[in-house]
Amino acid sequence: MRYPHDFHRVNGALYCEQVPIARITAAVGTPVYIYSHRTLVEHLQKLQQAFAILRPLICFSVKANGNLAILRLLVQQGAGLDIVSGGELYKALQAGCPPSRIVFASVGKSDEEIDASLAAGIFCFNVESEPELEAINRLARRRKTLARVALRINPDVEAHTHHYIATGKKESKFGIDPKTAVKMLRRHAQLPGVRIAGIHLHIGSQITQAKPFVQAIQRGGEVIRQGRAFGAPLEYLNLGGGLGIIYKDEQPQTPQQFAKAVLPLLHQLQVRLILEPGRFIVGNAGVLVTEVLYIKQAYGKQFAVVDAGMNDLLRPALYGAYHEVIPTGRVTAARNGQGRYDVVGPICESADVLARDRALGRLGSGQQLAVLGAGAYGSTMASNYNGRLRPAEVLVRGTRWAIIRRRETVADLVRHDVVPHQLIR
Ligand code: LLP
């Protein structure tokens, strides 16, 4: 099987598309996120093709990667955007996304965020509670407009993923239970400021099988049928995101397999489809490149101390997530048993481990490592913890590359701090 991205070796050196990684790091330093234009576009196209028959609205989930260049290139390829805040609304508009392709999901939308979205004229709000529906109605009336909304249903299905990223079980804070949703459809059909035009289901992230999606659609479908029975105009089904990718040895469904499993149900329901993929599009399209600062031995263990930490890529520390790590240069064999390392960052936390017990050959200071599968929830979850500067980001397209986010400077660290002289002399 073709490895699902455009990072590969040429004579021992790691390339992104046709550009050696070392050429980029020589110019911009490390740590740096590097993305492949081709992988991004190909992944979007795979989904577009698999569901072509339904001509779905595919809204890339901005939370997975909010870089303006990446948003713009996906929008140019026909994607819409899935946002979760006023900040992401701003980014989506900055990236040139037509408001008619923006959907807004969040369990806690503020009046300000709702109003800005109404002003922009976004396509749909994914509503997560009755008071939120009332708030959207009130604000839409004030603007003398009609907001299209979808009710987010919590179908209570097991997504078989990390418990932090499972969102469709009954104990989670997300969505509305089917019974309440049907009640809301009946009770609120006449609200003057909103039109409940569909339902939304997002049951979690990094889901590798189709079955949980099928179960979710079946439960959501029941709400649609009951709602339609008393006249609710439910035209849309938003299936959320969640498609899993390969980090290690997962065998995720392909978009074709996914489509094959869900299309018959969608046809039966006669709905228009919206999807909100994040990870599937950008996960394997990005790597984090970091440099080895020191090799250190302690109690018989070997550590590669690198210049990227949990502030740059939080997933291993937060979810125990596995990311493949490979040297960007030629791998040199180590003497028996000596080439295994814990790859650790410089941060003062024991959780600051990017990878454990990895065979990386003989490593030394100055060598660079690529952390694979870092395109989704990498840069968006980065922070300034420990006074660290968030990394630069680079996009590669064929033989060309460009910086798409400058590395922060120390001045950025204090940009918003205020020392109030009336309180502190
Ligand atoms: N739609 C909604 C309503 C969501 O909450 C999410 C992700 C998505 C779409 C996109 O899901 P995706 O296709 O990327 O799986 N930080 C975690 C993932 C959190 C996902 C949150 N919601 C991680 O690094 O694994």
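In this numbering scheme, every chain counts its residues from 1 along its sequence in written order. The predicted nature of this model means local features are confined to residues of pLDDT at least 70 and side-chain atom pairs, given and counted, to a pLDDT of 80 or more, with totals for whole chains, interfaces and linings taken over all residues. Working from all heavy atoms in the structure, the side-chain values ignore hydrogens and water.

K.L.:
Hey, could you run me through the domain arrangement of the protein chain in this one?
P.N.:
Interface size is commonly expressed as the accessible surface area that is lost when the partners come together. What counts as a domain boundary in this text is fixed by an automatic or database domain assignment. With domains assigned, the protein chain is organised as domain 1 (7–35 + 283–413) and domain 2 (105–277). On a C-alpha basis, the centres of domain 1 and domain 2 stand 36 Å from each other. Taken together, the ten residues of domain 1 in the interface contact eight residues of domain 2. Simply put, the buried area is the total loss of 1.4 Å probe accessible area from both parts when two parts are fitted together. When residues of domain 1 are sorted by the area they lose upon contact with domain 2, Asn284, Tyr319 and Tyr322 head the list and together hold 59% of the total. Throughout this description, the term salt bridge denotes a Lys or Arg side-chain nitrogen within 4 Å of a carboxyl oxygen of Asp or Glu. Along the contact surface separating domain 1 from domain 2 lie zero salt bridges. What qualifies as a polar contact is a pair of N or O atoms within 3.5 Å, subject to a donor-acceptor requirement within protein and to the restriction that residues adjacent in sequence count only when both atoms come from side chains. If you look at where domain 1 meets domain 2, you find zero residue pairs in polar contact (both at pLDDT 80 or more). Among the residues making up the side of domain 1 that touches domain 2, the classes are represented as four nonpolar, four polar and two charged. Two residues qualify as a contact provided that any one of their heavy atoms is within 4.5 Å of a heavy atom in the partner residue. Basically, the charged four are Asp, Glu, Lys and Arg, the nonpolar ten are Ala, Val, Leu, Ile, Met, Phe, Trp, Tyr, Cys and Pro, and anything else, Gly included, counts as polar.

K.L.:
Before we go on, may I ask you to explain a nonpolar patch on the surface in this structure?
P.N.:
The patches described consist of residues with a relative accessible area above 30% and no salt bridge, like charges being joined within 9 Å and nonpolar side chains (Val, Leu, Ile, Met, Phe, Trp, Tyr) within 5 Å. Per-residue and other accessible areas were derived by the Shrake-Rupley procedure at a 1.4 Å probe size, with only the shown protein chains allowed to occlude residues. Together, Val419, Leu423 and Ile424 give the surface a local cluster of nonpolar side chains, amounting to about 310 Å² of exposed area. By the element assignment, Ile424 lies in the segment after helix H12 (410–414). Judged by relative accessible area, Ile424 falls into the partly exposed class, the value being 44%. Strands here are runs of E lasting at least two residues and helices are runs of H or I lasting at least four, both read from the DSSP assignment and numbered beginning at the N terminus. Exposure categories follow from relative accessible area, calculated using a 1.4 Å probe and restricted to protein chains: below 20% of the type maximum is buried, above 50% is exposed, and the middle band is partly exposed.

K.L.:
Explanation requested: unusual backbone geometry in the structure shown.
P.N.:
Leaving glycine aside, a negative phi is the common case for residues, and trans is the common case for peptide bonds. With an omega of -10°, the peptide bond between Thr30 and Pro31 qualifies as cis. Although it is not a glycine, Glu17 sits at a positive phi angle of roughly 50°. By the secondary structure assignment, Glu17 is in the loop between strand E2 (13–16) and strand E3 (19–20). One non-glycine residue, Tyr377, lies in the positive phi region at around 60°. Relative to the helices and strands, Tyr377 is located in the loop between strand E18 (368–371) and strand E19 (392–397). For Tyr377, a relative accessible area of 14% corresponds to the buried category.

K.L.:
Honestly, the layout of surface pockets in this entry has me stumped. Any pointers?
P.N.:
Rolled over the atoms, a probe sized like a water molecule indicates the empty space that remains. In this structure, the largest pocket encloses a volume near 570 Å³. Here a cavity means grid points, on a 1 Å grid over the protein atoms only, where a 1.4 Å probe fits yet cannot get out; a pocket means an open set of points with protein on both sides within 12 Å along at least five of seven lines; lining residues are those with an atom within 4 Å of a point. Lining the largest pocket are 28 residues, and of these Lys63, Thr167, Phe174, His202 and Tyr377 lie nearest its centre. Partitioned by chemical class, the residues of the lining of the largest pocket number ten nonpolar, ten polar and eight charged. Residue contributions to the lining of the largest pocket reach at least three from each of two domains, namely domain 1 (7–35 + 283–413) and domain 2 (105–277). Grid points are joined across faces, edges and corners, and a volume is the space filled by probe spheres set on the points.

K.L.:
Can you walk me through helix H4 (residues 86–94) in this structure?
P.N.:
One turn of an α-helix holds 3.6 residues; hence residues three or four places apart share an orientation. Taken residue by residue, H4 has Glu88, Leu89 and Ala92 as its buried positions. For H4, the angular spread of buried residues about the axis comes to 105°, placing them on one side. Those residues of H4 hidden inside the fold are in contact with strand E6 (80–83), strand E7 (102–105) and helix H5 (111–120). What the arc covers is the set of directions going from the helix axis to the C-beta atoms.

K.L.:
Would you mind going over the packing of helix H7 (residues 178–188) against helix H8 (residues 211–229) with me for this structure?
P.N.:
Helix-helix packing is characterised by the crossing angle of the two axes and by the distance between the axes. Close contact between H7 and H8 brings their axes to 9 Å; oriented N to C, the two are set at 25°. Between H7 and H8, the interaxial angle falls into the category roughly parallel. Viewed along their axes, H7 and H8 form a crossing whose handedness is right-handed. Contacts between H7 and H8 involve Pro178, Ala181, Val182 and Leu185 from the first element and Val223, Gln226 and Gly227 from the second. Across the contact of H7 with H8, the residue classes tally to five nonpolar, two polar and no charged. Orientation is described by axes fitted as lines to C-alpha atoms, over the contacting stretch for helices, and by angles from 0 to 180 degrees between their N-to-C directions. Here is the rule for angles: anything less than 35 degrees is roughly parallel, anything more than 145 is roughly antiparallel, 65 through 115 is roughly perpendicular, and the remaining ranges are oblique. In a left-handed crossing the near helix is turned counterclockwise from the far helix by less than a right angle, and in a right-handed crossing that turn is clockwise.

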